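# Descriptive structure summary
Each chain, written out:
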Amino acid sequence: MSRSAHPAGPRHADVYPEGHYSAPPTDLNALDPKVWAETVTRGEDGVVTVGGIAVTELAEEFGTPAYVLDEADFRARARAWRTAFGTDADVFYAGKAFLSRAVVRWLHEEGLNVDVCSGGELATALSAGMPADRIAFHGNNKSVDEITRAVEAGVGHIVLDSFQEIARVAHIAQSLGKRQKVLIRITVGVEAHTHEFIATAHEDQKFGIPLAGGHAAEAVRRALHLDGLELVGIHSHIGSQIFDMSGFEVAAHRVVSLLKDVRDEHGVELPEIDLGGGLGIAYTSDDDPREPHEIAKALTEIVTRECEAAKLRTPRISVEPGRAIVGPTAFTLYEVGTIKPLDGLRTYVSVDGGMSDNIRTALYDAEYSVVLVSRTSDAEPMLARVVGKHCESGDIVVKDAFLPADLAPGDLIAVPATGAYCRSMASNYNHVLRPPVVTVHDGEARVIVRRETEEDLLRLDVG
C-alpha cells in the first residue's frame, strides 16, 4: 500500500514501481479491529457477520452495493465522546459526515447536539426531533431563506463566516424580533497536516474570517454592536483527518489571544470556544487515531492553560466530531463482477459500485482496506486494485490492496470505515442508483435510507 502520500493526498490512479507498496498481511482473512465496527467478526463458516447477521444474508435481502452500519458501535462511539467531555462541554455531531433521521434520533438519545451546514441538513435534524436549541448552523454562504428558517426555528448557534453574513443574520434576526446567538468563525493561520482541499485554517481558503490583519477583531466589533446578534464565542476549525494535537495547541493559543483582546477592548469575556472537529480515524492498519478521552483531556488542558496565562475565565468548550463517530461504524458491501490480471502490475477487481458510492479515493487519494467477507481463503495474496463500474479511469475504490488469488466473480468483499462522507457525497454518475444504508443491531437489520430506484431518477427528469 502506498505510503508516499497522506490518506487525503493529491495523487490518484498511479502505477507504483515494484516494491513501493507494503508487504501483504500475514493473514488475508483477519479483520483488524482498528478499522472495523465493534460487532464485526468472522463466523466458523468463514462468513463475516455484523450485529449477529451474516453479510451473505444482508446481500441476499438488501442487495449490493450497500452501506452497512453497526448501530451499537455508533451509539457506543457517541457515548464515548459525550462521556469524555462531560457536562461542562458540548459535543456537536458534524452532520455533513452522514445524516439521516435515524442517526439524529440516536444522537438525541445519546445526549449529543448536531452541527448542520445546509437547509437540507437543518430540515433533517428538525424533522427527526432534535431540539432546535441543540443545533448549530455552519456554512460559508448561507442563503437568506436558510438563515430565516434557522432563526425562526430557534437554532442554538449560527456560526458567522464573513462580514456580509454578520450583517445578514443580524438584519434577519432583528426583523423577526429575535436576538440570535452566534459564533464568529476565524482562520488562525494553522495548516493541519492534511490535504489542501480539507485543510481549513490557513488564510488562503473560503472559510472564516482571518485573524491576521485585524479582520477577526473587526468582526467582533461589528457583531457586538448589532442588536440582532448575541455574540457568545469564537469558532476555529483547522482541518480534517488529523492525528497530531499540536495544531490544536497553536490554534487555541491564537483564539485565546483574541479573547483576551476582546476583553481588553470591550470589557467582555466571551463564554464559548468551539475548536471544531477533524480528528482522524483508522482507514488502514497503519493509521493510529487517538481515543475520545485522550482528545478531551488534551484539548481541555490546552484551553485551560492558555486562559490561565491570559488571566481569562475558561470558556465552555465545544467540539464537532463527525467522521470520528460514524466513520468506523460502517462498511460498504460489494459483489465482485470481473477480474482482470495485468502481468507484472496488478489484478483489477471490478465491483458493482464505485466512485458514485465512494468518491473519496478519486477526490482525496484516500486509502482504504478491503477484505473477502463471504468466505475464507488459503490462496496466495495477489496485489489488487478494487475499481468500480463507472466509465472513468479514476473510478478507484481501493488503490492497492492484497486479496486472495482465488477471488472469483460473485464473491462478496467489504471496504471498512466508509461511514463518513461516502453516502453523504454519493452521486448518480452514469445514472447509477445510490445504495441503501442498512443498520444492524442485536440480530436485526433494517433500512434507514432506502436504495434509489430508476423511478426516483426519472421523477426528477421532467423531459
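Just above, that's the structure.
In what follows, the accompanying structure is described. Computed from a prediction, not measured in an experiment: that's the story for all the values here. (Residues numbered from 1 in each chain as written. Predicted model: local features only at pLDDT ≥ 70, side-chain atom pairs only at ≥ 80, totals over all residues. Heavy atoms only, no water.)

## Structural notes on the overall build of the protein chain
Across its full length, the protein chain carries twelve helices and 21 strands. Taken against the 2.2 N^0.38 rule, which gives 23 Å for 463 residues, the C-alpha radius of gyration of the protein chain at 23 Å falls within 12% of a compact globule. Reported as C-alpha extents along the three principal axes, the dimensions of the protein chain are approximately 70 × 50 × 40 Å. Summarising the internal contacts of the protein chain: among those between residues at least 6 apart in sequence, 71% fall at separations of at least 24. Positive and negative side-chain charges in the protein chain, numbering 45 and 69 respectively, have mean positions lying 6 Å apart. (Helix = DSSP H or I, 4+ residues; strand = E, 2+ residues; numbered from the N terminus. Rg over C-alpha atoms; globule rule 2.2 N^0.38 Å. Contact = heavy atoms within 4.5 Å. Lys, Arg positive; Asp, Glu negative; His and termini not counted. Charge placed at Lys NZ, Arg CZ, Asp CG, Glu CD.)

## With respect to helix H7 (residues 215-224)
Along H7, the residues that are buried comprise Ala-216, Ala-219, Val-220 and Ala-223. End-on, the buried residues of H7 take up no more than an arc of 100°, which puts them together on one face. (Buried < 20%, exposed > 50% of the residue type's maximum accessible area, 1.4 Å probe, protein only. Arc of directions from axis to C-beta.)

## Description of the pairing of strand E14 (residues 330-342)
In terms of strand pairing, strand E4 (residues 66-70) meets E14 through four bridges, oriented antiparallel. Paired with Tyr-67 across the strands is Thr-332, a residue of E14. Direction of pairing for E14 relative to strand E19 (residues 412-416): antiparallel, over a ladder of five bridges. Residue pairing across strands places Phe-331 opposite Pro-416, the latter belonging to E19. The pairing of E14 with strand E15 (residues 346-351) spans five bridges and is classified as antiparallel. (Pairing = 2+ DSSP bridges.)

## Considering the environment of Thr-332
With respect to the helices and strands, the residue Thr-332 is situated in strand E14. Classification of Thr-332 by relative accessible area gives buried; the value is 1%. Taking the C-alpha atoms as reference points, Thr-332 and Gly-353, separated by 21 residues in sequence, lie 9.3 Å from one another. Polar contacts involving the side chain of Thr-332 include one to the side chain of Thr-418, which spans 2.8 Å. (Polar contact = N/O pair within 3.5 Å; in protein donor to acceptor, adjacent residues only side chain to side chain.)

## Concerning the packing of helix H5 (residues 144-153) against helix H6 (residues 163-175)
Here H5 crosses H6 at 50°, and the two axes come no closer than 10 Å. Classified by the interaxial angle, the pair formed by H5 and H6 is oblique. In this structure, H5 crosses over H6, and the sense of that crossing is right-handed. Contacts from Val-144, Ile-147, Thr-148 and Val-151 of H5 reach H6 at Arg-168, Val-169, Ile-172 and Ala-173. Classifying every residue of the contact of H5 with H6 gives six nonpolar, one polar and one charged. (Axes fitted to C-alpha atoms, helices over the stretch in contact; angles between N-to-C directions. Parallel < 35°, antiparallel > 145°, perpendicular 65-115°, else oblique. Left-handed = near helix turned anticlockwise from the far one by under 90°. Nonpolar A, V, L, I, M, F, W, Y, C, P; charged D, E, K, R; others polar.)

## Brief notes about the side chain of Arg-82
Mapping Arg-82 onto the fold places it in helix H2 (residues 71-85). Summary of buried charges: Arg-82 has no salt-bridge partner, and the nearest side chain of opposite charge, Asp-90, is 4.8 Å away. Those residues in contact with Arg-82 that sit more than four places away from it in its chain are Thr-87, Ala-89, Asp-90, Val-91, Glu-110, Gly-111 and Leu-112. (Salt bridge = Lys/Arg side-chain N within 4 Å of Asp/Glu carboxyl O.)

## Section: the packing of H2 against helix H9 (residues 292-310)
Two elements in contact, H2 and H9, have axes separated by 8 Å at closest approach and are oriented at 30°. Classified by the interaxial angle, the pair formed by H2 and H9 is roughly parallel. As H2 packs across H9, the resulting crossing turns out to be right-handed. Mapping the contact onto sequence places Ala-80, Trp-81, Ala-84 and Phe-85 in H2 and Pro-292, His-293, Ile-295, Ala-296 and Leu-299 in H9. Grouping the constituent residues of the contact of H2 with H9 by class yields eight nonpolar, one polar and no charged.

## Structural notes on the side chain of Lys-142
For Lys-142, the location among the structural elements is in the loop between strand E7 (135-137) and H5. If we skip the residues at most four places from it in the chain, Lys-142 touches Phe-137, Ile-147, Ile-158, Val-159, Glu-165 and Arg-168.

## Quick look at the environment of Glu-218
Structurally, the position occupied by Glu-218 is in helix H7. Residue classification places Glu-218 among the partly exposed residues on the basis of a relative accessible area of 27%. On a C-alpha basis, the gap between Glu-218 and Gly-233 in space is 14 Å, while along the polypeptide they are 15 residues apart. Among the polar contacts made by the side chain of Glu-218, one reaches the side chain of Arg-221 at a distance of 2.9 Å.

## So, the pattern of salt bridges
Enumeration according to the criterion identifies 23 salt bridges in this entry. Note that Asp-456 is salt-bridged to Arg-459, the shortest N-O span being 3.0 Å. Here Asp-456 pairs with Arg-459, and both are found in helix H12 (residues 454-460), just three residues apart, close to one helical turn. Classification of Asp-456 as buried rests on a relative accessible area of 13%. Since its relative accessible area comes to 57%, Arg-459 is described here as exposed. Salt bridges linked by common partners bring Glu-71, Arg-75, Arg-79, Glu-109 and Glu-110 together as one network.

## Looking at the packing of aromatic side chains
Scanning all chains against the criterion turns up five aromatic pairs. Ring geometry for Phe-74 and Tyr-93: centres 5.9 Å apart, planes at 65°, overall edge-to-face. Of the two residues, Phe-74 is situated in helix H2 and Tyr-93 in strand E5 (residues 89-94); the sequence distance between them amounts to 19 residues. A network of ring pairs unites the aromatic residues Phe-74, Tyr-93 and Trp-106 as a single cluster. (Phe/Tyr/Trp six-rings, centres within 6.5 Å; stacked < 30°, edge-to-face > 60°.)

All we've got here are geometric facts, nothing functional implied.
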